[in-house]
Amino acid sequence: MSRAAGSKDRIIDVAIDLFSKRGFKGTSIRNIASAAEISIPNIYHYFGNKEGLLLAILQRSSEDVLRQLKRVCQLEIEPLERFKRLVSTHITVAGNSIKEAKIFFLDDEDLSKEGNEINLQIQREILGIYLDQLHLLKEKNLVHYKSHTVLAFNILALVNWFLRWYRPKGPMSLEEITEEIVTFSMYGLLGPSNRDEEPMHA
C-alpha cells in the first residue's frame, strides 16, 4: 500500500469513528485532522471537502456489502436457502461494521444533490439484489405477495432498523440476533411451521 493510500485509509477510519459518535454535522475537518494526526490541507487534497470524505466512506462500505451480497446470489443452492443466506449475510456484514452502517442514515439536507444521488444509487443497487432473488422465489411458487417491491422494503426495513438499535455488547450475540431477524423475515410473527420450506404468503 502506498503512503498516500495509507493516509487516506487512516483519515477514513478516523472519520468513521467521529461521524458515528458526533454525527456528520457535529464533526469538523479540524476534528478529523487532529484525531488522524494529519494536516487539514491533506484532507482537502484527498477528498475535496467534508462531504467528499463522507462519500468516500459510503462508497467503501457499500462496496463490501454489495460484494458479499453478490457472492451469496451466485451460490448454487436452493432459492429459499439462498435468500436466507442473503438476509443473514447482510445483517452480519452490517453488524460487524456498525459504525459505518450508522453513517448511511443521513437526512437529505446533510448531502448535496450529487451526494444524495450517490447514496440513493447504493440503496437502489441493494434493493435490486433483493428484488432479483424474490423473483426467483416467485418462479418456484414460494412467494405469494402482490408487490415484491413492498416485500423487499419490509425486509430491508428490518435490517435498517437493526442498525439503529444494535449494540455489540448487548445481551444477545450478533449470531443470535441474526437468526431471529432471518426467522421473522421468512415466517412472520407466528414463526416457522413444521415444514422446512414454508412459502411466504400474503
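Everything below is about the structure printed above this text.
Residues numbered from 1 in each chain as written. Predicted model: local features only at pLDDT ≥ 70, side-chain atom pairs only at ≥ 80, totals over all residues. Heavy atoms only, no water.

Q: Could you give me a rundown of the overall build of the protein chain, with the residues and numbers involved?
A: When helices and strands are tallied, the protein chain shows nine helices and two strands. Of the regular secondary structure in the protein chain, the N- to C-terminal order runs α-α-α-α-α-α-α-β-α-α-β. Considering only intrachain contacts with a sequence separation of at least 6, the fraction spanning at least 24 residues in the protein chain is 67%. For the protein chain, the computed accessible surface area is about 11,800 Å², with 50% contributed by carbon and sulfur atoms. (Helix = DSSP H or I, 4+ residues; strand = E, 2+ residues; numbered from the N terminus. Contact = heavy atoms within 4.5 Å. Areas by Shrake-Rupley, 256 points an atom, 1.4 Å probe, with all protein chains shown as cover.)

Q: I'd like a rundown of the packing of helix α4 (residues 50-73) against helix α7 (residues 113-139), residues and numbers included.
A: Orientation of α4 relative to α7, taken along the N-to-C sense of each, is 10 degrees, at an axis distance of 10 Å. Classed by the angle they form, the pair α4 and α7 counts as roughly parallel. Residues E51, L55, L58, Q59, S62, V65, L66, L69, K70 and C73 of α4 form the contact with α7, whose own contacting residues are G115, I118, N119, I122, E125, I126, I129 and Q133. A per-class count over the contact of α4 with α7 returns 10 nonpolar, five polar and three charged. (Axes fitted to C-alpha atoms, helices over the stretch in contact; angles between N-to-C directions. Parallel < 35°, antiparallel > 145°, perpendicular 65-115°, else oblique. Nonpolar A, V, L, I, M, F, W, Y, C, P; charged D, E, K, R; others polar.)

Q: Hey, could you go over the side chain of S185 for me, with residue numbers and the actual values?
A: Along the chain, S185 falls in helix α9 (residues 174-187). Within polar-contact distance, the side chain of S185 engages the backbone oxygen of V182 at 2.8 Å. (Polar contact = N/O pair within 3.5 Å; in protein donor to acceptor, adjacent residues only side chain to side chain.)

Q: Tell me about the packing of aromatic side chains, and please be specific about residues and values.
A: Per the stated rule, a full pass over the model turns up five aromatic pairs. Through a chain of ring-to-ring contacts, the aromatic side chains of F162, W165 and Y166 assemble into a single cluster. The lysine or arginine in question, K50, covers the ring of F24, its NZ or CZ lying 4.5 Å from the ring centre. (Phe/Tyr/Trp six-rings, centres within 6.5 Å; stacked < 30°, edge-to-face > 60°. Lys NZ or Arg CZ within 6 Å of the ring centre and 35° of its normal.)

Q: I'd like a rundown of helix α8 (residues 148-165), residues and numbers included.
A: Here α8 is 18 residues long and its end C-alpha atoms lie 26 Å apart, about the 26 Å a rise of 1.5 Å per residue gives. All of the buried residues in α8 are H148, L151, A152, I155, L156, V159, F162 and L163. Buried residues of α8, seen end-on, are gathered within an arc of 130 degrees and therefore sit on one face of the element. The N-terminus of α8 is capped by S147, whose side-chain oxygen sits 3.4 Å from the backbone nitrogen of T149. (Expected span 1.5 Å × (residues − 1). Buried < 20%, exposed > 50% of the residue type's maximum accessible area, 1.4 Å probe, protein only. Arc of directions from axis to C-beta.)

Q: Can you break down the environment of I16 residue by residue, with the values?
A: Looking at the secondary structure, you find I16 in helix α1 (residues 3-22). Spatially, the C-alpha atoms of I16 and L53 are 9.6 Å apart, while their sequence positions differ by 37 residues.

Q: Let's hear about unusual backbone geometry: which residues, and what values?
A: Non-glycine residue E37 carries a positive phi angle of around 55 degrees. Following the sequence through the fold, E37 ends up in the loop between α2 (29-36) and α3 (40-47). Positive phi is not limited to glycine here, since N141 has a value of about 60 degrees. Here N141 lies in the loop between α7 and β1 (143-144). Judged by relative accessible area, which is 51%, N141 ranks as exposed.

Function-wise, these values are silent; they only describe arrangement.
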